[in-house]
Amino acid sequence: MEKIVSLSKRRGFVFQSSEVYGGLNGCWDYGPLGVELLRNIKDQWWQTMTYRDDIEGLDASILMHPRVWEASGHVENFTDPMVDCKECKARFRADQLEDAMCGNPAYKGRKAIKCQSEGKFTEARQFNLMFKTFIGPVTDESAVVYLRPETAQGIYVNFLNVQASSRQKLPFGIAQVGKAFRNEINTKNFLFRTREFEQMEMQFFVKPGTDVEWFEYWKDERIKWFVALGLKKGKLRFQQHEAGKLAHYAKDAFDIEYEFPFGWGEIEGIHNRTDYDLSRHEQFSGKSLKYFDDETKERFIPYIIETSAGASRSFMAYLVDAYAEEEAPTADGKTELRTVLKFHPRIAPTKAAVFPLVNRDGMPETARKIEAMLRPHLRVFYDDSGAVGRRYRRQDEVGTPYCITVDSQSLQDQTVTVRDRDSMMQERVVIDNLTRYLRDKLSA
Ligand code: GAP
């Protein structure tokens, strides 16, 4: 993890938020390459989920009516048990003491669970994870609103708006990507548990009685998505929530977990939320949220199967999974260690780099022309500094799948070499065919 965090900063994937002020715990900024990777992951999710005829998109506001969070159960139930150490004042989640380290520098390397057994902790008290703020100029209880802790509720309260405007019939889904905020007691493991993060959520509305079948369908679809975009199958698994540990809204829940260097961690939750959310919004708003079935003439509240992926956690899984160190041949016939991010080309931040072999003999001019030709279609990078081998290494380290080099032969026969990041093999391609060649590779 240390190597990945350090590469992330050095190459512009992720920076600490407000770093010049010492950082803000649980918040991170995505740099030039990080923002591309994150956008590509979100775009791929959006395409997979909404470029089908039974799912519509939505972008609901982050601030919502405060009654939403009473109805959803978050005001009452969205809490974690918290304990304070009476000695060093560090604060912990009472249910995660096995993983936590003592906060006292005098006891370096000691587990918090030991401090607990020695009676150093206060009694556990419940702490609500929602961030509160005020709407309008008056800062009293009547003006309290919350930063949403999940994007799902924006979908539920718009269920009938979307259904009526898009003329969808059950079963159908609504998808949304957006920020969520949780005042986590302990943030940890880089992007894994943060206070501000992004979710990619889809709520699939189904007829009660068909929910178990759709739950299985979405479990299968979602794990396939991660594999199709490159995550190693062996690093993924399902983990079912134990009956006693289900969220307040769920009848059944499976996490898709990824094996990070620090252990298995949830990257997406698939939940059977039954009719809990719509029934509660109906009850709290006093407005009917029932669906009318034209064929059977029945009116009922649909069940909801939710797929809830973290964009930031997926980002981290793709980054960790892509990271490799391996032997690579050098120009003088030796080998050296290369660091390479083997991103699936579709999520790679930069798709192709263009190099003139040397900065003379018309090569830079031709390389610039190629860059200009590709730029409207793909995110490309031009580099003319240092030996070409070093330029390859720099692109390997940020996961650029193709490097195009203009050499002396290019000026004679209008071809270039295209080097594949993973196999390191090169092939000659006619310059005029480059756009189509790369597009075919990327859509494969
Ligand atoms: N709407 C259901 C819901 O929010 P969740 O299991 O609490 O369910 C879904 O969260 C996903 O959101 C998780 O699988 C994870 O990827 C992401 N997530 C949750 N809390 C997070 C945090 N503090 N930091 C980063 N990602 C988080």
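Look above for the structure.
Residues numbered from 1 in each chain as written. Predicted model: local features only at pLDDT ≥ 70, side-chain atom pairs only at ≥ 80, totals over all residues. Heavy atoms only, no water.

Our focus in this paragraph is helix α2 (residues 32-50). With 19 residues, α2 extends 27 Å from end C-alpha to end C-alpha; this agrees with the ideal 27 Å at 1.5 Å per step. Of all the residues in α2, the buried ones are Leu33, Gly34, Leu37, Leu38, Asn40, Ile41, Lys42, Gln44, Trp45, Met49 and Thr50. (Helix = DSSP H or I, 4+ residues; strand = E, 2+ residues; numbered from the N terminus. Expected span 1.5 Å × (residues − 1). Buried < 20%, exposed > 50% of the residue type's maximum accessible area, 1.4 Å probe, protein only.)

Next up on the list: the environment of Arg167. Structurally, the position occupied by Arg167 is in the loop between α7 (159-166) and β9 (172-181). The exposure class of Arg167 is exposed, given its relative accessible area of 73%. In sequence terms Arg167 and Tyr249 are 82 residues apart; their C-alpha atoms lie 27 Å from each other.

Glancing now at the packing of aromatic side chains. Evaluation of the coordinates by the stated rule reveals 23 aromatic pairs. Ring geometry for Trp225 and Tyr318: centres 6.2 Å apart, planes at 80 degrees, overall edge-to-face. Linking Trp225 in helix α8 (residues 211-228) with Tyr318 in helix α10 (residues 311-322), this pair joins segments that are 93 residues apart in sequence. With respect to class, Trp225 is no different from Tyr318; both count as buried. An aromatic cluster of three or more residues is present, and its members are Phe192, Tyr258, Phe260 and Phe262. Above the face of the Phe238 ring, Lys219 is positioned so that its terminal group lies 5.1 Å from the ring centre. Its guanidinium or amino end placed over the ring of Tyr392, Arg419 lies 4.4 Å from that ring's centre, counting from NZ or CZ. (Phe/Tyr/Trp six-rings, centres within 6.5 Å; stacked < 30°, edge-to-face > 60°. Lys NZ or Arg CZ within 6 Å of the ring centre and 35° of its normal.)

A word on the pattern of salt bridges. As enumerated under the stated definition, the model contains 44 salt bridges in all. The residue Glu196 makes a salt bridge to Lys179 at a minimum N-O spacing of 2.7 Å. Of this pair, Glu196 sits in strand β10 (residues 196-206) while Lys179 sits in strand β9, placing them 17 residues apart in sequence. The residue Arg338 makes a salt bridge to Asp396 at a minimum N-O spacing of 2.9 Å. Highlighted residues: Arg338 in strand β18 (residues 335-341) and Asp396 in helix α12 (residues 388-398), separated in sequence by 58 residues. Of the two residues, Arg338 and Asp396, both sit in the buried class. (Salt bridge = Lys/Arg side-chain N within 4 Å of Asp/Glu carboxyl O.)

To continue, consider the state of the cysteines. According to the stated counting rule, one finds zero disulfides in the structure shown. The thiol of Cys88 is not disulfide-bonded; the next cysteine sulfur, from Cys85, is found 3.8 Å away. Owing to a relative accessible area of 24%, Cys88 belongs among the partly exposed residues under this scheme. (Disulfide = S-S within 2.5 Å.)

Attention now goes to the site of the ligand. By nearness alone, 22 residues border the ligand, and Glu150, Glu184, Glu201, Glu266 and Glu306 come closest of all. Within the contact set of the ligand, an oxygen atom lies 2.6 Å away from a side-chain nitrogen or oxygen of Glu266. Here the ligand has 550 Å² of accessible area as a free molecule, and 93% of this is covered by the chains. Contributing elements (two or more residues each) for the shell around the ligand: β10, β13 (263-274) and β16 (303-310). In terms of residues, the shell around the ligand owes the most to one element, β13, which gives six residues. Split into classes, the residues belonging to the shell around the ligand amount to six nonpolar, six polar and ten charged. (Near = heavy atom within 4 Å. Polar contact = N/O pair within 3.5 Å; in protein donor to acceptor, adjacent residues only side chain to side chain. Areas by Shrake-Rupley, 256 points an atom, 1.4 Å probe, with all protein chains shown as cover. Nonpolar A, V, L, I, M, F, W, Y, C, P; charged D, E, K, R; others polar.)

A separate point is unusual backbone geometry. With omega at -5 degrees, the peptide bond leading from Leu170 into Pro171 counts as cis. With respect to the helices, strands and loops of the structure, Pro171 is situated in the loop between α7 and β9. A positive phi angle, close to 60 degrees, is found at Phe190, a residue other than glycine. Tracing the sequence through the fold places Phe190 in the loop between β9 and β10. The phi dihedral of Lys297 falls on the positive side, at around 60 degrees, and the residue is not glycine.

Hydrogen bonding along the main chain pairs the strands of a sheet, whether they run parallel or antiparallel. Taken together, the seven strands give an open sheet; going across it, the order is β3-β9-β10-β16-β13-β12-β11, and neighbouring strands pair in mixed fashion. The sheet is open, and its two borders are formed by β3 (55-57) and β11 (236-240), each paired with just one other strand. On average, each strand axis in the sheet is inclined to that of its neighbour by 25 degrees, with strand direction left out of account. Note: β3 against β9, three bridges, orientation parallel. For Glu56, the partnering residue across the bridge sits in β9 and is Ile174. Packed onto the sheet, α10 meets β10, β12 (252-260), β13 and β16 and runs at close to 35 degrees relative to β12. (Pairing = 2+ DSSP bridges. Axes fitted to C-alpha atoms, helices over the stretch in contact; angles between N-to-C directions. Contact = heavy atoms within 4.5 Å.)

This brings us to the pairing of β18. In this structure, strand β17 (residues 323-329) lies alongside β18, joined through seven bridges in antiparallel fashion. Across the sheet, Ala324 pairs through a bridge with Val340, a residue of β18.

Below, the discussion takes up the nonpolar core. Among the nonpolar cores identified, the biggest contains 51 residues, and Phe13, Trp218, Ile267, Phe315 and Phe343 are the most heavily contacted of them. When residues of this core are assigned to their parent elements, the largest contribution, eight residues, is made by α10. When near neighbours in sequence (up to four residues on either side) are disregarded, Phe315 contacts Phe13, Val14, Tyr30, Gly34, Leu37, Leu38, Ile41 and Leu191. In terms of nonpolar packing, the next biggest core, distinct from the first, is built from 20 residues, Tyr382, Val418, Ile431 and Leu438 among them. (Core = buried A, V, L, I, M, F, W, Y, C linked by side-chain atoms within 4.5 Å.)

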